[in-house]
Amino acid sequence: MDLGIAGKWALVCAASKGLGKGCAAALVREGVNVVITARGAEALQATAAELRALPGAAEVRAVAGDITTADGRAAALAACPQVDLLVNNAGGPPPGDFRDWDRDAWIKAVDANMLTPIELIKATVDGMAARGFGRVVNITSGAVKAPIDFLGLSNGARSGLTGFVAGLARQPRLAGANVTINNLLPGAFDTDRLRGTAVAPAAKAGKTVDEFLEPRRQAIPARRFGAADEFGAVCAFLCSVHAGYLTGQNILVDGGAYPGTF
Ligand code: NAD
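A brief report on the enclosed structure follows. (Residues numbered from 1 in each chain as written. Predicted model: local features only at pLDDT ≥ 70, side-chain atom pairs only at ≥ 80, totals over all residues. Heavy atoms only, no water.)

1. Some thoughts on the site of the ligand
Moving on, step 1. Inspection of the region around the ligand gives 27 residues, with Ser16, Leu19, Ala90, Phe189 and Thr191 positioned closest.
Moving on, step 2. Contact between the ligand and leucine 19: an oxygen atom at 2.7 Å from a main-chain N or O atom of the residue.
Moving on, step 3. Take aspartate 66: an N or O atom from its side chain is 2.8 Å from a nitrogen atom of the ligand.
Moving on, step 4. Its free accessible area being 830 Å², the ligand has 90% of it covered by the protein chains.
Moving on, step 5. The leading source of residues in the shell around the ligand is helix H7 (residues 192–204), at three residues.
Moving on, step 6. For the shell around the ligand, the class distribution of residues is ten nonpolar, eleven polar and six charged. (Near = heavy atom within 4 Å. Polar contact = N/O pair within 3.5 Å; in protein donor to acceptor, adjacent residues only side chain to side chain. Areas by Shrake-Rupley, 256 points an atom, 1.4 Å probe, with all protein chains shown as cover. Helix = DSSP H or I, 4+ residues; strand = E, 2+ residues; numbered from the N terminus. Nonpolar A, V, L, I, M, F, W, Y, C, P; charged D, E, K, R; others polar.)

Here's what the structure looks like:
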């Protein structure tokens, strides 16, 4: 299927690794011009070189910076002549017990996983509407539908974004101008984040990371963790010209892990 977005410009945040990289790669394969961001310049440049080598690649620009800061967002936006496709992403908050989280911990989580995407949406959607085409995909988490106890900062901050997006996506001045805003909810994907959050509990349990993760893998009906590329493919479809009637939705990509009917 031709997704019909070749030549468009995408800003894909936090994309040197993992799910952001998977989304950027899928868009690059469709001939989309892509601006990718991440904090570490070295990994980012290596990813940009990989993306430029993909078949069908158009322009790939890399902007090092922290997307949760005003400067980081300004630099990312300045590198993109216009944002037709916006993929919001940032690192997830740390796990822990809510008794240990002070106001600063909460503000940091809300800044990264709620206010940063809202700022980028604010900076881009009216331009999209004026041009009659726009797609926003927010990478959130399956934890928005089925909260994970020790990821309370993530559950809380991302739910705030989800509630906000539910209202915004339905504004006729956006939905009526072919601008869609959707959330993509990853279940368990085999990325640095998945493995990184398992290191401490695995060590505590006297297990390797793989041993520690095995029961979690077995609990997924698909019997495997997801791959970033397959997450990226769903993101690219949401960004396509074919997905114009799909807005304000929360789409789980989790191998069947969420047990509900809806
Ligand atoms: P990852 O650690 O593999 O990659 C994160 C990427 O974000 C890296 O490129 C990193 O450089 C970049 N990054 C982090 N903080 C940044 C910042 N402040 N500014 C710019 N770039 C930044 O993580 P991932 O697994 O791809 O996860 C992406 C998001 O999805 C996270 O918010 C994570 O919590 C969420 N998530 C992941 C899973 C999973 O199973 N992997 C499940 C649910 C939710």
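Continuing now.
2. A word on the sheet that holds strand E4 (residues 85–88)
Moving on, step 1. The strand order E3-E2-E1-E4-E5-E6-E7 describes an open sheet built from seven strands, whose pairing is parallel. This sheet does not close on itself; its edge strands, each paired only once, are strand E3 (60–64) and strand E7 (250–253). Put simply, the sheet's adjacent strands are angled 20° from each other on average, direction ignored.
Moving on, step 2. Summarising the sheet, strand E2 (residues 33–38) and E3 pair through five bridges and their orientation is parallel. Residue threonine 37 lies in a different strand from E3, and its bridge partner there is valine 63. (Pairing = 2+ DSSP bridges. Axes fitted to C-alpha atoms, helices over the stretch in contact; angles between N-to-C directions.)

3. Notes on helix H9 (residues 228–238)
Moving on, step 1. Those residues of H9 not exposed but buried are Ala228, Phe231, Gly232, Cys235, Ala236 and Leu238. All buried residues of H9 fall inside an arc of 155° around its axis, so they share one side.
Moving on, step 2. The inward-facing, buried residues of H9 abut helix H1 (18–29), E4, strand E5 (134–139), strand E6 (179–186) and E7. (Buried < 20%, exposed > 50% of the residue type's maximum accessible area, 1.4 Å probe, protein only. Arc of directions from axis to C-beta. Contact = heavy atoms within 4.5 Å.)

4. A look at the environment of leucine 11
Moving on, step 1. Counting through the fold element by element, leucine 11 comes out in strand E1 (residues 9–12).
Moving on, step 2. Looking at leucine 11, the relative accessible area reads 0%, which means it is buried.
Moving on, step 3. Through-space distance from the C-alpha of leucine 11 to that of threonine 261 is 33 Å; in sequence the pair is 250 residues apart.
Moving on, step 4. Setting aside residues no more than four positions away along its own chain, leucine 11 makes contact with Val35, Thr37, Ala76, Leu77, Cys80, Val83, Leu85, Leu86, Val87 and Leu120.

5. A short note on the pairing of E6
Moving on, step 1. Of all eight residues in E6, eight are buried; the element is thus mostly enclosed.
Moving on, step 2. Of the two faces of E6, the one carrying Val179, Ile181, Asn183 and Leu185 and the one carrying Thr180, Asn182, Leu184 and Pro186 are both buried.
Moving on, step 3. By the bridge criterion, four bridges tie E6 to E7 in an arrangement that is parallel. Among the inter-strand pairings, leucine 184 is bridged to a residue of E7, identified as isoleucine 251.

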